[in-house]
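What follows is the residue order along each chain.
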Amino acid sequence: MNSEELVSRARMAMQHAYTPYSDFPVGAAVLYKDGEVIEGVNVENVSFGATNCAERTALFTGVTRGYHKEDVAAIAIAGDTETFLPPCSICRQVMVELCAYETPVYLSDKYGKIKEMTLKELVPYAFTDLDM
Ligand code: THU
């Protein structure tokens, strides 16, 4: 599956985002090495801090299904945004925990334009270790 197809899966998922407070829908799609794709959307809450971002929804579902960080092939993120949507820093930290550092990350905008990078480029100097 190429980057366009994975971004399109993230865009399709976005329609199910639950965003009554921000009206800012986000979709994510994680491709696993066995070909499985798991989507996620942002799910908001009237107690704002209880909101879960799209990327975390997808990755946590992957963990729930038994996938590990070595199984992730790529992750795509889609927003109804004028320019590519950069993941929030909480999601970046979760991505570092649950995806390999060389994982391709596809960021996209409402026109379907894609910015490709690795997780390492997105999150340099990541916090990964308690044994420092
Ligand atoms: N959001 C995501 O789902 N992913 C991101 O990386 C950026 C932020 C959501 C959280 C909230 O529901 C809305 O976008 C506005 O912050």
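Look up: the structure comes first, before these words.
None of these values were measured; they are calculated from a predicted model.

Scoring rules and cut-offs
- Residues numbered from 1 in each chain as written.
- Predicted model: local features only at pLDDT ≥ 70, side-chain atom pairs only at ≥ 80, totals over all residues.
- Heavy atoms only, no water.
- Helix = DSSP H or I, 4+ residues; strand = E, 2+ residues; numbered from the N terminus.
- Rg over C-alpha atoms; globule rule 2.2 N^0.38 Å.
- Buried < 20%, exposed > 50% of the residue type's maximum accessible area, 1.4 Å probe, protein only.
- Contact = heavy atoms within 4.5 Å.
- Areas by Shrake-Rupley, 256 points an atom, 1.4 Å probe, with all protein chains shown as cover.
- Lys, Arg positive; Asp, Glu negative; His and termini not counted.
- Charge placed at Lys NZ, Arg CZ, Asp CG, Glu CD.
- Phe/Tyr/Trp six-rings, centres within 6.5 Å; stacked < 30°, edge-to-face > 60°.
- Salt bridge = Lys/Arg side-chain N within 4 Å of Asp/Glu carboxyl O.
- Near = heavy atom within 4 Å.
- Polar contact = N/O pair within 3.5 Å; in protein donor to acceptor, adjacent residues only side chain to side chain.

For the protein chain, the count of helices and strands is four helices and five strands. Secondary structure elements of the protein chain occur, N-terminal to C-terminal, as α-β-β-α-β-α-β-β-α. Compactness check: the protein chain gives a C-alpha radius of gyration of 14 Å against a globular reference of 14 Å for 132 residues, within 12% of the reference. Taking the principal axes of the C-alpha coordinates as reference, the protein chain spans close to 40 × 35 × 30 Å. A total of 132 residues make up the protein chain; the buried ones form 44% of that total. Considering only residue pairs separated by 6 or more positions, the protein chain has 62% of its internal contacts joining residues 24 or more positions apart. With the model as given, the accessible surface of the protein chain reaches about 7400 Å², and the carbon-plus-sulfur share is 54%. Mean positive and mean negative side-chain charge positions of the protein chain (11 and 19 charges, respectively) differ by 3 Å.

Here we take up the packing of aromatic side chains. If you walk through the whole model with that rule in mind, you get two aromatic pairs. With 5.9 Å between their ring centres and 50° between their planes, Tyr21 and Phe48 make a pair best called tilted. A residue pair is termed long-range when its members are at least 10 positions apart, and Tyr21 in the loop between helix 1 (3–14) and strand 1 (26–32) and Phe48 in the loop between strand 2 (37–41) and helix 2 (54–64) qualify at 27 residues. Residue Tyr21 is classed as partly exposed on the basis of its relative accessible area of 42%. On the basis of relative accessible area, Phe48 is assigned to the exposed category, the value being 59%. Between Tyr32 and Tyr67, the aromatic rings sit 4.0 Å apart at their centres with planes inclined by 20°, giving stacked as the arrangement.

Moving on, we come to the pattern of salt bridges. Should their charged atoms come close, side chains of opposite charge can pair. Throughout the structure, instances matching the rule amount to three salt bridges. The partner of Glu39 in a salt bridge is Arg9, with the nearest N and O atoms 2.9 Å apart. Of this pair, Glu39 sits in strand 2 while Arg9 sits in helix 1; the two residues are 30 residues apart in sequence, bridging distant segments of the chain. Overall, the relative accessible area of 29% leaves Glu39 in the partly exposed class. Classification of Arg9 by relative accessible area gives partly exposed; the value is 26%. Two residues, Asp80 and Arg11, come together in a salt bridge whose shortest N-O distance is 3.4 Å. One end of the pair, Asp80, is in the loop between strand 3 (72–79) and helix 3 (89–98); the other, Arg11, is in helix 1, with 69 residues separating them in the sequence. Judged by its relative accessible area of 24%, Arg11 is partly exposed.

Neighbouring the ligand are the residues Ser22, Phe24, Val26, Asn42, Glu44, Thr51, Cys53, Ala54, Glu55, Pro87 and Cys88. Taking Glu55, its side chain carries an N or O atom lying 2.7 Å from an oxygen atom of the ligand. Between the ligand and the protein, one listed contact pairs an oxygen atom with a backbone N or O atom of Cys88 at 2.8 Å. When the free accessible area of the ligand is taken as 380 Å², the share hidden by the protein chains comes to 80%.

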